[in-house]
Amino acid sequence: MAYNHKEIEEKWQKYWEEHKAFKTDAHDFSKPKFYGLIEFPYPSGNGLHVGHPKSNTAIDIISRKRRMEGYNVLYPIGWDAFGLPTENYAIANKVHPAEVTKKNVDRFRTQLKKIGFSFDWDREVNTTDPSYYKWTQWIFIQLYKKGLAYKAEIPINFCTSCKVGLANEEVVNGVCERCGGEVIQKVKSQWMLKITEYAERLYDDLDQTDFIERVKIQQRNWIGKSKGAEVDFKIAGTDEKLTVYTTRPDTLFGATYMVISPEHKILEKLDIQNRDEVVAYQKEAAKKSEFERTELNKEKTGVMLKGVMAVNPVNDEEIPIWISDYVLASYGTGAIMAVPAHDERDWDFAKKFDMPIIEVVAGGRDVNEEVYTDVNDGIMVNSGFLNGMKVKEAIAAITKFLEEKGIGHAKTNFKLRDWVFSRQRYWGEPIPMVYCEKCGWQPLPEESLPLKLPFTESYEPTDNGESPLSKLTDWVKTTCPKCGGPGTRETDTMPNWAGSSWYFIRYVDPHNDKCIADPELLKHWMPVDWYNGGMEHTTLHLLYSRFWHKFLYDIGAVPTSEPYQKRTSHGMILGSNGEKMSKSRGNVVNPDEIIDEYGADTLRMYEMFMGAFDQEAPWSTESIRGCYKFIERVYRLLENVTPEEDYSKDFESTMHKMIKKVSEDYEKMKFNTAIATMMSFVNDVNKKGSITRGEMKTFLTLLNPVSPHITEEMWDQLKFEGRVYEQTWPTYDEAKTIDSEIEIPVQVNGKLRGKVVANKDASKEEVESLVKANDDIKRFIDGKEIVKEIYIPGRMYTIVIK
RNA sequence: GCCGGUGUGGCGGAAUGGCAGACGCACAUGACUCAAAAUCAUGCGGGAAACCGUGUGGGUUCAAGUCCCACCACCGGUACCA
């Protein structure tokens, strides 16, 4: 009865499919619900990657366990199928993207089914399906109606050699990722989404979630909340004022000059004596790409505005104004007060252009030699009424002062920028908007959705950076939904992130043609209980989908303000050389080959066993054999099963310990140690020579979530009732996890010197007498003065001698 | 630079402040075999030993891989955000 993984896995996959074993009745509210989610894959032409099964198996394990714990489980799958790689592949191979997508999806489906995930396959969604993107478009229209979608002139990345607009992800080190060509900024009118309006809530509501800490931190950093104040500076001899944003209003007395960004609009209104010089600098700055401004140009540059002075509102001193590209137009007010003594960038600038440096916070070294930015220990000096205060007190005092005088106020700023939502591409959702000369931009009537992506063979990019759809004159020319006059369609499409920002909502009710999903069902099923995915999606997909969800919550379309209760993240699987897997590095492992050789049960187990789940780990073709051998050993247990339906006496505590350890480890995603525990168990069984039916039953149930096929097969061969996936999760008795006799290590002066065996309830005195009688210990303590003795019950006996 | 993460045998990795190296890979020896593979059994940080060993240097503690301070290296994110 050799282990034949192919036969066994095909058999049970067929069984599950025929019996709809993992189909979810979403209307069954009688049981508690569990909604497990993995990031739906992008069906690329390369097929499944070994990274996919890692995340999928983890949530599959949790889902299978939850079913056995009595939950109604939703564990769905779908396809995030719009996007660039498909489009590029289509262009290169002259196959329509729709056809490419269908082929890839079919391949992915086949591959995933071979791994035995307990997905509800009847809920598949596909972002390229008009019945799906109908609702993506509907959401866009709702955003537009609430003023959260708007058009703006925004520079896009444009590759001068491919003559195509590029997504930020396609620009690597300032050049085109594909051809290495120069990337320039081309200003285009783009649809933008006002994610910034939700910045505060996206930041604060993280507290309500159970996201792992590093996800929360990364999102918080990305949103970049900072507290400070806006302060008005008068321009001497004019009615103009310059408003700055600062997080350190306490240092206002130390402001020795101001800096504004080259794009600042106040420049037009000022009477600048050296305007030629200023204009030249503006031109120079405009020529630089974002890349050059940030990467190449660390050295500070700038021009002082001649004949213009600003007035520091706290001491009426006149200070000069500079323009410099180290001040960004897009953050704060585009203008700063420079406090060189206590800001690193201002210090660098002041040193280069020889501006005065005034210390206003004491506690550092000489501010002419070294900048001092500490906010905790400093005491205010040279600061009028703030003198003697600590920085934190000074911030409060000056803010109050500014507000009373009406020259400033407390202000919170965010780094987060609005979301550029337009793509000059073919393979995406058409944006359902029409432009009319008379009425401006108008959304399509909702009942006319979906606006289908027109089928065309000319989906190649245009050479002017416009969307390929712009070439379809018949489609572009339409009528205005409002006045019925002539109108033109928006030809840009939505980004990949659109369809993936709400797919978890659709899973709940994937075939609904009345709304995004039935509110009753959403009320029961939302939020997603556990969402696992890659860290690389933390600041884009995860943030975008939280934004959309909050918006949908605000308009009453979903019942929760957060989409996901818990977010975890897996570590990447690296190539065997320790580098990221990639075609060009030649270290890619194809899961098909692994399944062929060892089977899905081994693949699943190995991916869970290879290291800590949240850590990256290199693939090893040798190590995977270890898991295969273990599964073979498990299968061979069938030869030594004894008929008792209970646990044997000498294995009772082993069983209870194992149930506890495996159950807890699965919940903590410590799959590697859960599997190690089961390996040890099998080693123990083999040492003993036999296993009872009762022990077998528990063991197979515990192992089932990791390796479902082999366990189902053995269950069947042992003629246990029902199927493993229908069983109840084993429980343990805490009292029975403790051995009656325990071994207590004994230390003398911090070094392990021996061990004594005692009853688990032994008192300190009883253990002490055992220790004192122990020859190993006697050697070290005889004739020595005992200073101290410590007994940690059941764990350690320590003696300190002199 | 800043923000995260990680440094433990030949390798992947275990260890609520309490026996460092669980579990597995590789390796070695033995059994089986004409032989090899597979399988099974045993061993496997260094050192003859005392002892020494968790990136480095300090510290706290009866006891530190684990806590504190100061560093170093690698990986990921971010890029002058005032």
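Residues numbered from 1 in each chain as written. Chains lettered and ligands numbered in written order. Predicted model: local features only at pLDDT ≥ 70, side-chain atom pairs only at ≥ 80, totals over all residues. Heavy atoms only, no water.

Chemist: What exactly am I supposed to notice about the pairing of strand E9 (residues 183-193) here?
Modeler: By the bridge criterion, eleven bridges tie strand E5 (residues 149-159) to E9 in an arrangement that is antiparallel. Among the inter-strand pairings, Phe158 is bridged to a residue of E9, identified as Ile184. Of the pairings in the sheet, the one linking E9 to strand E19 (residues 419-420) comprises two bridges and is antiparallel in character. When the sheet's bridge partners are listed, Leu193 is paired in E19 with Trp419. (Pairing = 2+ DSSP bridges. Helix = DSSP H or I, 4+ residues; strand = E, 2+ residues; numbered from the N terminus.)

Chemist: Explain the packing of aromatic side chains to me, please; I cannot follow it from the model alone.
Modeler: Any two aromatic rings considered together are summarised by their centre-to-centre distance and by the angle between their planes. Applying the stated rule across the entire model yields 49 aromatic pairs. Ring geometry for Tyr503 versus Tyr507: centroids 5.4 Å apart, planes at 75 degrees, classification edge-to-face. The burial state of Tyr503 is the same as that of Tyr507; both residues are buried. An aromatic cluster of three or more residues is present, and its members are Phe140, Tyr144, Trp191, Tyr198, Trp419, Phe421, Tyr435, Trp441, Trp497, Tyr544, Phe547 and Trp548. (Phe/Tyr/Trp six-rings, centres within 6.5 Å; stacked < 30°, edge-to-face > 60°. Buried < 20%, exposed > 50% of the residue type's maximum accessible area, 1.4 Å probe, protein only.)

Chemist: Sorry if this is basic, but what is going on with the protein's contact with RNA strand B here?
Modeler: The environment of RNA strand B is made up of 55 residues, and the closest members are Thr247, Arg345, Lys415, Lys755 and Arg795. Per the 4 Å cut-off to the protein, sugar and phosphate atoms form 63% of the nearby atoms of RNA strand B. Contact between RNA strand B and Thr247: a sugar or linking oxygen at 2.3 Å from a main-chain N or O atom of the residue. Here Lys788 contributes a side-chain N or O atom positioned 3.2 Å from a phosphate oxygen of RNA strand B. Considered class by class, the residues forming the surface near RNA strand B number 20 nonpolar, 16 polar and 19 charged. (Near = heavy atom within 4 Å. Polar contact = N/O pair within 3.5 Å; in protein donor to acceptor, adjacent residues only side chain to side chain. Nonpolar A, V, L, I, M, F, W, Y, C, P; charged D, E, K, R; others polar.)

Chemist: What is the right way to read the nonpolar core from this model?
Modeler: Nonpolar side chains in soluble globular proteins generally cluster together in the buried interior. Within the largest apolar cluster, 83 residues are counted, with the highest numbers of intra-cluster contacts made by Trp619, Tyr666, Met678, Phe681 and Phe699. Non-local contacts of Phe681, meaning those with residues more than four positions away in its chain, are made with Phe651, Thr654, Met655, Met658, Ile691 and Phe699. Ranked by size, the runner-up nonpolar core spans 60 residues in total, among them Phe504, Leu542, Leu552 and Val558. (Core = buried A, V, L, I, M, F, W, Y, C linked by side-chain atoms within 4.5 Å. Contact = heavy atoms within 4.5 Å.)

Chemist: Whenever I open this one, the sheet that holds strand E2 (residues 72-74) confuses me. Can you help?
Modeler: Across a sheet, strands are paired by hydrogen bonds formed along the backbone, either parallel or antiparallel in direction. In space, the four strands of this open sheet follow the order E2-E1-E24-E25, with parallel pairing throughout. In the strand order of this sheet, the two ends are held by E2 and strand E25 (567-569), each with one partner. The mean inter-strand angle of the sheet, taken between neighbouring strand axes irrespective of direction, is 20 degrees. (Axes fitted to C-alpha atoms, helices over the stretch in contact; angles between N-to-C directions.)

Chemist: When you look at the sheet that holds strand E31 (residues 751-759) in this model, what are you seeing that I'm missing?
Modeler: Read across the open sheet, the four strands follow the order E31-E30-E33-E32; overall the sheet is mixed. Two strands close off the open sheet at either side, each with one partner strand: E31 and strand E32 (786-792). This sheet shows a mean twist of 20 degrees between the axes of neighbouring strands, independent of strand direction. Of the strand pairs in this sheet, strand E30 (residues 741-748) and strand E33 (residues 796-801) are connected by three bridges, and their pairing is parallel. Bridge pairing in E33 places Gln747 opposite Thr798.

Chemist: Where do I start with the pattern of salt bridges in this structure?
Modeler: If the charged atoms of two oppositely charged side chains come close together, the side chains can form a pair. If you walk through the whole model with that rule in mind, you get 52 salt bridges. With its nearest N and O atoms 2.8 Å apart, the salt bridge here joins Glu69 to Lys65. Exposure remark for Lys65: the relative accessible area of 3% places this residue in the buried category. Between Lys65 and Glu667 there is a salt bridge; the shortest N-O distance is 2.5 Å. Here Lys65, found in helix H2 (residues 51-68), pairs with Glu667, found in helix H20 (residues 652-667); they are 602 residues apart in sequence, far enough to count as distant. (Salt bridge = Lys/Arg side-chain N within 4 Å of Asp/Glu carboxyl O.)

Chemist: Looking at this structure, I do not really get the packing of helix H17 (residues 591-598) against helix H19 (residues 623-636). What am I missing?
Modeler: Describing two packed helices takes the angle between their axes plus the distance from one axis to the other. Relative orientation of the contacting elements H17 and H19 amounts to 40 degrees, with a least axis distance of 11 Å. Looking at the two axes, H17 sits oblique to H19. The chirality of how H17 crosses H19 is right-handed. For the pair H17 and H19, the contacting residues are Ile594, Glu597 and Tyr598 in the first and Ile624, Arg625 and Tyr628 in the second. Tallied by class, residues from the contact of H17 with H19 come to four nonpolar, no polar and two charged. (Parallel < 35°, antiparallel > 145°, perpendicular 65-115°, else oblique. Left-handed = near helix turned anticlockwise from the far one by under 90°.)

Chemist: Is there a simple way to think about the side chain of Arg425 in this case?
Modeler: On the secondary structure map, Arg425 appears in the loop between E19 and strand E20 (433-436). Among the residues examined, Arg425 registers a relative accessible area of 6% and is labelled buried. Side chain to side chain, Arg425 and Glu87 meet in a polar contact 3.3 Å long.

Chemist: Before we go on, may I ask you to explain the environment of Ile742 in this structure?
Modeler: Tracing the chain through its elements places Ile742 in strand E30. Taking relative accessible area as the criterion, Ile742 reaches 17% and is therefore assigned buried. Along the chain, Ile742 and Pro356 lie 386 residues apart, while their C-alpha atoms are 74 Å from each other. In this structure Ile742 touches Val756, Val757, Ala758, Asn759, Lys760 and Gly794, once residues within four positions along its chain are discounted.

Chemist: Can you walk me through helix H1 (residues 5-18) in this structure?
Modeler: Along an α-helix, residues three or four positions apart point the same way, because every turn accommodates 3.6 residues. Spanning 14 residues, H1 covers 20 Å between terminal C-alpha atoms, matching the ideal 20 Å at 1.5 Å per step. If you check which residues of H1 are buried, you get His5, Ile8, Glu9, Trp12, Gln13, Tyr15 and Trp16. In a view along the axis of H1, the buried residues occupy a sector of 160 degrees, so they form one face of it. Seen from the buried face of H1, the exposed residues on the opposite side, beyond 90 degrees, are Glu7, Glu10, Lys14 and Glu18. Buried residues in H1 make contact with H2, helix H4 (97-113), H17, helix H18 (600-609), H19 and helix H23 (708-717). Of the residues flanking the start of H1, the one acting as N-cap is Asn4, its side-chain oxygen 3.2 Å from the backbone nitrogen of Lys6. (Expected span 1.5 Å × (residues − 1). Arc of directions from axis to C-beta.)

Don't take any of this as a statement about function, it's just geometry.
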